[in-house]
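# Reading the structure
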Amino acid sequence: MSEGVSHKSQDELYFVVRNHEEQYSIWRSDKQVPEGWETQGGPAGKEECLSRIEELWTDMRPASLRAAMAAAENGNS
Amino acid sequence: MGHSRSSHIPGTARDARAFVHSLVRESALARPDAVALTDGAGSRVTYRELLERWERLATALREWGVGPEVPVAVRLERSPDLVVAMLAILEAGGVYAPIDDSCPAGRFAAIVEDLGAPVLVTDRETPTEVRRLVGRIVHPRDLPDQAAPRALVTPPALHPDNLAYAMSTSGSTGRPKGVGMTHRGLNRLIRWQAADGPAGLATVSFTSTGFDVTFQEVLGTLATGGRLCLLSEESRRDPEQLLAVLEKEGIERVFLPYVALGQLALAARRTGRVPGSLKHVVTAGEHLVITDAIAEFFDALPHCRLDNHYGPTETHLVTSLTLDEDRGAWPRTPPIGREVDEADVHLLGPGLTPVAPGEPGEIHVGGAALARGYLNAPALTADRFLPDPFSPGPGARMYRTGDLARLDGDGLLHFLGRADDQMKVRGYRVEPAEVELALSRCPGVREAAVGQRTLADGIRVLAAYVVAEEGVRPSVSRLSAALKQSLPGYMVPARYAFIDAMPLSPTGKADRRKLAEVPLPGPADRGVTEPDCATLADAVAAVWQRVLGHDEFEHDEDFFDVGGDSLLAAWVVTELSQLAGREIELSVILRNTTVEELAAFLAAGPATSPTRRPASELITLKPGSAGNVLYLFHPLGGELLTYRELARRMESPVRVLGVRWAAGPAEPGHEPSLEEMARAHHEQLRAVQSEGPYLLAGWSFGGVLALEVGRLLRESGQEVAFLGLIDANPVLDPLSGLPPVETSYLTLLGQVLEEVDRRAADGEDSVDIAEFSSDRDWVGLMGGAPAAGVKAAHLRRSLAMARQSMGALVTYTARRYEGDTDLFQAGATGPGLRAQLEAGLRGVVDGSVRVHEVPGDHTGILASPHVTVLAEAIDAVLENIGKGNDSDGS
């Protein structure tokens, strides 16, 4: 009912994007994707992209942290 | 991440410089004997003790499996324990997750569930729904006493990108959401704060634990070896007490939301006192306005610096402005300043394109200030944390704040408000969707929308627009009471407008622009038609303003919700008596808690004369289900203000009604006996609730009344499910252990009465109470010192009533009570006296006597902070009674 700034048109399309830390976001499909981000899906409506991210982004720790924690775990055992 | 391994510090791995708790440890090791914490009431904790306590708790937490990425929920009063818990959780590698004090049980449970916290650190009873969710609940003091922390558990390999804390904030999905901040972000903030002023400033901890400014206060101070003064909730709410603490403790720095700064300035103006030790004031969280009072305050403190900070929870501090040394140059609405440290601000328009200089744009924050995101909420995070096309480094993110600002010619940012629906109420962030969802669940509500409206006097409040189910328009008080069960107080709307249909925008959403034009109900719609009420309301508001020290209240807001307490209530009533030219009783403000109601009461003319009203009278202390009522009986003075705090702190779904002696002191020779008083109360209870089970309780003399009324109820075949004696005893005085007839109270009350009369005859109409109130017996007897400035007539009345009650108690012989009782024993009572009291009680009670210990002395158990424990103890007993009834199949 009160989701964000909603004066934009409803049929704007987005990409699902992901960076080197495997963090996800969305990006308007009519604009150039910023450096360091890869397209993972879309173009699609915003809600569709966000629900796709809800499925894909299962571990919200940045990739480098995940790696560091796994390394520390192995070092300790 | 730096690589300079400056010193090896046990308990941490990697680079110790990357962690704030290591910074605090360094300052603790450098000055172990320096005072780290004070509480404004005389207690002190040195850095050595602080370090020992936090290491002990950290060791225990690690043994329980707390480590990197594991949240620990914390619900503690602002106390040394809170600081110990914060540092211990960071040290253990866990995620510090504070739960706001004002959080109702349901919301508390939702937050804990979303966090998935295995451990809760708390100093109070925990609601059942929360208890089910956490594996372990620990009181910070309940730890095995170890001489030195054991190093058995391997220190966690903590990484700067691990989470340091999680803050809950209002969520547009209808549930609160948790912002997860990393050690890197926290460390950056505290280092910036430490470098932004001289080290070691004595700082007061004022901020609510639910705001991230607490870290600047607590860790920013301790990391530079400063002294942190933890304010009691009472001093926090009362600007004059805050002023006194600032002076007494020699406080040099304070972080205050804008409203509190305004109140402090007004208190300083009113009392003519200025905290001369103050060197640095930081305000954040709201639109700063330099009011006349604030300007005067700083004029009197020529060397005190004022900073204005801006930063949402998701990014931490973003910008800061230090106001000019030339006070004459201060603008009325100062800018929020420039970016600090490594935060990057971009002002963007549609399509994320930068706006032209001077044009308004939405603040997007990039750089090192960003949180990781919203815990366990990937979609929500992806929607607000976007790719940052302006960053020199690839793959960076920026946070879309929803705040609007513009950049002026000097490169300073000016805050302009919100780009979306989110609102700020008293500094708290409120998502209207969360309130709308809660409203739509209320019975009788078909559709609801919420918006922020500015009232005539420039104050912003939450307004609800409600489309009711046909024919069942719910009452405002019912809606408000229902919302208070699930939302914190600041999210409950102050105005309700009933509309026939929800206006819709072309996209099918509620049309907020049209809603903002819906007329709001004012005082005129509330059944007050007296022509002079508008002026009377203004007069009452002026009294409140004088007494409360601020004007941040609406005419329909509850006195006790805007900073009033029982002492201040006595003052208000005294002033109102003068205004009305007639005696007004203290209880009037309990029945008429808003400006409107008080004005209506005054407009209605003299109250019915005391002879015509029943001697026993009931007053709602806390609304709730009418089928479940707890009656609290008045103490010696006949009035109920003593119970106000207790009723407010209780979370049981019961309605709390106070039972007062409305007749006041009788003509000499006509004084009622205690049995007669109890009979009058019994009759009144049966009149409003014809059948049991009854729940009764009372403090001190009120407990004896409750017992006698309970006996009468049982005698007439009614069930008494709860009889609570709050440090009360029917046969012995709880302070001395003597039978009442052997105490000197009756004489003492007589002497004080004579003294008051003598002074009144000398023309002193206001009595300096300090002389009486310093006597411990007096305070014990009357439940606290009367407020300064109480008029002699008022004091006389309550003294005469107390003497009459005492007389009744002295001649009373307790009869056998055949049911069970719950004794809430003041913990400060010595073991000998306690045994004596319990034996006395068991002598007249045939059923069981369950003893619950509550910290504090006879009067202290009804005052903050102990009253919270008392409220929880009573809640727990009432909850069990509820279960007992269920298992009976009733």
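What you are looking at is a predicted structure, and each value in this text was computed from that prediction instead of being measured. (Residues numbered from 1 in each chain as written. Chains lettered and ligands numbered in written order. Predicted model: local features only at pLDDT ≥ 70, side-chain atom pairs only at ≥ 80, totals over all residues. Heavy atoms only, no water.)

Our focus in this paragraph is the overall build of chain B. For chain B, the helix and strand inventory stands at 28 helices and 33 strands. Taking contacts inside chain B between residues at least 6 apart in sequence as the whole, the part at least 24 apart equals 70%. Element-wise, carbon and sulfur atoms account for 51% of the exposed surface of chain B, whose accessible area totals about 34300 Å². (Helix = DSSP H or I, 4+ residues; strand = E, 2+ residues; numbered from the N terminus. Contact = heavy atoms within 4.5 Å. Areas by Shrake-Rupley, 256 points an atom, 1.4 Å probe, with all protein chains shown as cover.)

Strand pairs in the sheet, formed through backbone hydrogen bonds, run parallel or antiparallel to each other. Residues and elements named next belong to chain B. Across the sheet, nine strands lie side by side as E2-E1-E10-E9-E11-E12-E13-E14-E15; this open sheet has mixed pairing. Edge positions in the sheet fall to strand E2 (44–46) and strand E15 (338–339), since each of these pairs with one other strand and no more. Where strand E11 (residues 253–257) meets strand E12 (residues 280–284), five bridges bridge the pair, whose relative direction is parallel. Its bridge partner lying in E12, valine 254 is registered against valine 281. Sheet strands touched by helix H10 (residues 258–271): E11, E12 and strand E13 (305–310). Its angle to E11, the strand with the most contacts, is close to 115 degrees. (Pairing = 2+ DSSP bridges. Axes fitted to C-alpha atoms, helices over the stretch in contact; angles between N-to-C directions.)

Once that is clear, we can look at unusual backbone geometry. All names here are of chain B. Omega for the bond connecting glycine 692 with proline 693 falls within 30 degrees of zero, at 0 degrees, which places this linkage in the cis form. Within the secondary structure layout, proline 693 lies in the loop between helix H21 (674–688) and strand E30 (694–699). Note that the residue after serine 864, namely proline 865, is joined by a cis bond; omega there is 5 degrees. Along the chain, proline 865 falls in the loop between strand E33 (849–854) and helix H28 (866–887). Positive phi values are uncommon outside glycine, yet asparagine 376 reaches one of about 50 degrees. For asparagine 376, the location among the structural elements is in the loop between strand E18 (373–374) and helix H12 (378–384). Residue asparagine 376 is classed as exposed on the basis of its relative accessible area of 58%. One non-glycine residue, serine 700, lies in the positive phi region at around 55 degrees. Tracing the sequence through the fold places serine 700 in the loop between E30 and helix H22 (701–715). (Buried < 20%, exposed > 50% of the residue type's maximum accessible area, 1.4 Å probe, protein only.)

Before going further, it helps to spend a moment on the interface of chain B and chain A. Facing 39 residues of chain B, the contacting portion of chain A comprises 33 residues. On the surface where chain B and chain A come into contact, there are one salt bridge. The salt bridge involving aspartate 383 of chain B is made with lysine 46 of chain A; its shortest N-O contact spans 3.2 Å. Counting the contacts that link chain B with chain A gives eight residue pairs in polar contact (both at pLDDT 80 or more). Sorting elements by how many residues they give to the side of chain B that touches chain A places H12 of chain B first, with five residues. (Salt bridge = Lys/Arg side-chain N within 4 Å of Asp/Glu carboxyl O. Polar contact = N/O pair within 3.5 Å; in protein donor to acceptor, adjacent residues only side chain to side chain.)

Residue and element names in this part refer to chain B. Residues Leu50, Leu219 and Leu222 are the most contacted members of the largest nonpolar core, which totals 70 residues. Element by element, the count of residues in this core is highest for helix H3 (residues 80–92), at ten residues. Leucine 222 has contacts with Val24, Ser27, Ala36, Leu37, Tyr47, Leu50, Val83, Leu87 and Leu228, leaving out every residue within four places of it along the chain. If you look at the next biggest cluster of nonpolar residues, it comprises 55 residues, including Ala537, Val543, Leu602 and Ala873. (Core = buried A, V, L, I, M, F, W, Y, C linked by side-chain atoms within 4.5 Å.)

With that out of the way, let us pick up the packing of aromatic side chains. Residues and elements named next belong to chain B. Counting across every chain of the model gives twelve aromatic pairs over all chains. Taking the centre distance of 5.4 Å and the plane angle of 80 degrees together, the rings of phenylalanine 297 and phenylalanine 298 count as edge-to-face. An aromatic cluster is built from Tyr96, Tyr165 and Phe215, whose rings are joined through pairwise contacts. When the ring centre of tyrosine 817 is taken as origin, the NZ or CZ atom of arginine 714, which lies over that ring, is 5.6 Å away. (Phe/Tyr/Trp six-rings, centres within 6.5 Å; stacked < 30°, edge-to-face > 60°. Lys NZ or Arg CZ within 6 Å of the ring centre and 35° of its normal.)

Turning to the sheet that holds strand E1 (residues 14–19) of chain A, a few remarks are in order. All names here are of chain A. Strand order across the open sheet formed by three strands is E2-E1-E3, with antiparallel pairing between neighbours. One side of each edge strand has no neighbouring strand; the edge strands of this open sheet are strand E2 (24–28) and strand E3 (37–44). Neighbour-to-neighbour, the strand axes of the sheet open up by a mean angle of 30 degrees, direction not taken into account. As paired elements, E1 and E3 share five bridges and run antiparallel to each other. Note that in E3 the partner of asparagine 19 across the bridge is tryptophan 37.

All right, on to the confidence of the model for chain B then. All names here are of chain B. Counting all residues, the mean pLDDT for chain B is 83, and 86% of those residues have values of 70 or more. In this model residues 607–612 is a low-confidence stretch, pLDDT under 50, and it forms two contacts with partners more than four residues away in sequence or in other chains. Across the assembled chains, the prediction reports ipTM 0.90 with pTM 0.61. (pLDDT = per-residue confidence, 0-100.)

Among the ten residues of helix H7 (residues 213–222) of chain B, ten are classified as buried, and the element is accordingly described as predominantly covered. Of the residues making up H7 of chain B, those classed as buried are Val213, Thr214, Phe215, Gln216, Glu217, Val218, Leu219, Gly220, Thr221 and Leu222 of chain B.

Our next topic: the side chain of arginine 25 of chain B. Along the polypeptide, arginine 25 of chain B turns up in helix H1 (residues 20–30). Separated by 2.7 Å, the side chains of arginine 25 of chain B and glutamate 55 of chain B make a polar contact.

All names here are of chain B. In contact at an axis separation of 8 Å, H10 and helix H11 (residues 292–299) are set at 65 degrees when each is read in the N-to-C sense. Our classification of the angle between H10 and H11 gives roughly perpendicular. The two elements H10 and H11 cross, and the hand of that crossing is left-handed. Two secondary-structure elements touch here, H10 through Tyr258, Leu261, Gly262, Leu264, Ala265, Leu266, Ala268 and Arg269 and H11 through Asp292, Ala293, Ile294, Glu296, Phe297 and Phe298. (Parallel < 35°, antiparallel > 145°, perpendicular 65-115°, else oblique. Left-handed = near helix turned anticlockwise from the far one by under 90°.)

The next subject is the packing of H1 of chain B against helix H2 (residues 47–63) of chain B. All names here are of chain B. Two elements in contact, H1 and H2, have axes whose closest approach is 9 Å; the angle formed by their N-to-C orientations is 140 degrees. Compared by their axis directions, H1 and H2 come out oblique. When the axes of H1 and H2 are compared, the crossing they make is left-handed. When H1 is examined against H2, the residues His21, Val24, Arg25, Ser27, Ala28 and Leu29 are found in contact with a partner set consisting of Tyr47, Leu51, Trp54 and Glu55. Looking at side-chain class alone, the contact of H1 with H2 contains six nonpolar, two polar and two charged residues. (Nonpolar A, V, L, I, M, F, W, Y, C, P; charged D, E, K, R; others polar.)

A word on the pairing of strand E31 (residues 720–726) of chain B. Residue and element names in this part refer to chain B. With respect to burial, E31 is a largely interior element, six of its seven residues being buried. Bridge analysis of E30 against E31 gives six bridges, and the strand direction is parallel. Following the sheet pairing, leucine 696 is matched in E31 by leucine 723. Once the chain exits E30 it traverses H22 before rejoining the sheet at E31, and the crossover so formed is right-handed. Pairing of E31 with strand E32 (residues 821–826) involves three bridges; the strand directions are parallel. Note that in E32 the partner of isoleucine 726 across the bridge is phenylalanine 824. (Right-handed = clockwise from strand over helix to strand, strands pointing away.)

Okay, the pattern of salt bridges next. On inspection of all chains with the given rule, the structure shows 42 salt bridges over all chains. Glutamate 715 of chain B is paired through a salt bridge with arginine 711 of chain B; the nearest N and O atoms lie 2.9 Å apart. Taken together, the positions of glutamate 715 of chain B and arginine 711 of chain B, both in helix H22 and four residues apart, correspond to about one turn of that helix. Among the charged side chains, a salt-bridge network with shared partners connects Glu22, Asp59, Arg61 and Arg66 of chain A.

Let's shift gears to the side chain of glutamate 708 of chain B. Residues and elements named next belong to chain B. On the secondary structure map, glutamate 708 appears in helix H22. Reaching out from glutamate 708, the side chain makes a polar contact with the side chain of tyrosine 812 at a distance of 2.7 Å. A distance of 3.3 Å separates polar atoms of two side chains, one belonging to glutamate 708 and the other to arginine 815. Contact partners of glutamate 708, with chain neighbours within four places excluded, come to Leu674, Glu675, Ala678, Tyr812 and Arg815.

Residues and elements named next belong to chain B. Of all the residues in helix H9 (residues 239–248), the buried ones are Pro239, Leu242, Leu243, Val245 and Leu246. Buried residues in H9, looked at end-on, bunch into an arc of 165 degrees, giving them a common side. At the exit of H9 stands glycine 250, carrying a positive phi of roughly 60 degrees. (Arc of directions from axis to C-beta.)

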